[in-house]
Amino acid sequence: MEQIGHWISSITFSIYIIYPLSRIWWFFLGGFFGWTLLGLIAVRMGKTVLWRRINGGIAALYMALLLYMTVVSRGVTSHPGVMLRPLYSFHLARTENPEYYREMLMNVLLFFPLGLTLPFGLSARRFPVLKALGAGMLLSICIETLQYVFSLGLTETDDVIMNTLGVLAGSAAYGIVSAVEKHRKLQREHRQDDLHGN
């Protein structure tokens, strides 16, 4: 019986999440691989400073856009609330309304572009991915706090968790470019060592 419940949950997840958002999935996958490719090209051409500045500017603009979309443009609700229990949305999605799955995924995707750009913008500093995660989490906490203070909707811990996961997912592009760059650097060093050895 429990196994049947898991199957039903999986089918429900597919119907409510994967199929309706298939176009969005392709858009974000295309953006991820496209941005990764542009990063690799920028590194290969020695345009890392320009690439860093472009990403830093886009990340700053996107953070302003996030604040506008989630705070400034939202109207006051008559039923504001607070849900601080972590991952409670999964429970609600399984027991009450599968629409919560879609909301969680949208919260991940909302911060995905920030994860895609901010680590590149911070690449001149140490631990850019960790700093991007911290910045994304702080921005999400600020948004949730402002929504609570101004009664703009439900303030949820899950929103912060999903937003931070979105930054982490986007940051994988920086991880790929950084790994390729380090590999090429090691190859160049080995070639130089071989030349000096001969």
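Residues numbered from 1 in each chain as written. Predicted model: local features only at pLDDT ≥ 70, side-chain atom pairs only at ≥ 80, totals over all residues. Heavy atoms only, no water.

1. Description of the pattern of salt bridges
Pairing of side chains with opposite charge becomes possible as their charged atoms draw close. A complete count under the given rule lists one salt bridge for this structure. Residues arginine 102 and glutamate 99 are paired through a salt bridge, measuring 3.7 Å at the closest nitrogen-oxygen approach. Remark: glutamate 99 and arginine 102 occur in helix α5 (residues 99-121); sequence separation between them is three residues, near one turn of the helix. (Salt bridge = Lys/Arg side-chain N within 4 Å of Asp/Glu carboxyl O. Helix = DSSP H or I, 4+ residues; strand = E, 2+ residues; numbered from the N terminus.)

2. A word on the side chain of asparagine 55
Position of asparagine 55 among the secondary structure elements: in helix α3 (residues 48-72). For asparagine 55, a relative accessible area of 0% gives the class buried. In this structure asparagine 55 touches Trp35, Leu116, Thr117, Phe120 and Gly121, once residues within four positions along its chain are discounted. (Buried < 20%, exposed > 50% of the residue type's maximum accessible area, 1.4 Å probe, protein only. Contact = heavy atoms within 4.5 Å.)

3. Let's talk about the packing of α5 against helix α6 (residues 128-149)
Where α5 meets α6, the axes come as close as 9 Å, and the angle between the chain directions of the two elements is 145°. For the crossing formed where α5 meets α6, the hand is right-handed. Two secondary-structure elements touch here, α5 through Phe111, Leu114, Leu118 and Pro119 and α6 through Pro128, Val129, Ala132, Ala135, Gly136, Leu139, Ser140 and Ile143. Here the contact of α5 with α6 is built from residues that sort into 10 nonpolar, two polar and no charged. (Axes fitted to C-alpha atoms, helices over the stretch in contact; angles between N-to-C directions. Left-handed = near helix turned anticlockwise from the far one by under 90°. Nonpolar A, V, L, I, M, F, W, Y, C, P; charged D, E, K, R; others polar.)

4. What about a nonpolar patch on the surface?
On the surface, a cluster of nonpolar side chains totalling about 660 Å² of accessible area is made up of Leu67, Val82, Leu84, Leu146, Tyr148, Val149 and Phe150. No other element matches α6, which puts three residues into the nonpolar patch. Within the secondary structure, phenylalanine 150 sits in the loop between α6 and β2 (154-156). Overall, the relative accessible area of 47% leaves phenylalanine 150 in the partly exposed class. (Patch = residues over 30% accessible without salt bridge, like charges linked within 9 Å, V, L, I, M, F, W, Y side chains within 5 Å. Areas by Shrake-Rupley, 256 points an atom, 1.4 Å probe, with all protein chains shown as cover.)

5. Brief notes about the packing of aromatic side chains
Inspection of the entire model under this criterion finds six aromatic pairs. Ring centres 5.2 Å apart and planes at 80° place the aromatic pair phenylalanine 32 and phenylalanine 33 in the edge-to-face group. Taking the relative accessible area as the measure of exposure, phenylalanine 33 reaches 53% and is therefore exposed. Residues phenylalanine 32 and phenylalanine 112 carry aromatic rings whose centres are separated by 6.3 Å and whose planes lie at 45° to one another, so their mutual orientation is tilted. Within this pair, whereas phenylalanine 32 is found in helix α2 (residues 22-44), its partner phenylalanine 112 is found in helix α5, the two being separated by 80 residues in sequence. Residue phenylalanine 32 is classed as buried on the basis of its relative accessible area, which comes to 11%. Residue phenylalanine 112 is classed as buried on the basis of its relative accessible area of 9%. Connected via pairs of aromatic rings, a cluster forms that spans Phe28, Phe32, Phe33 and Phe112. (Phe/Tyr/Trp six-rings, centres within 6.5 Å; stacked < 30°, edge-to-face > 60°.)

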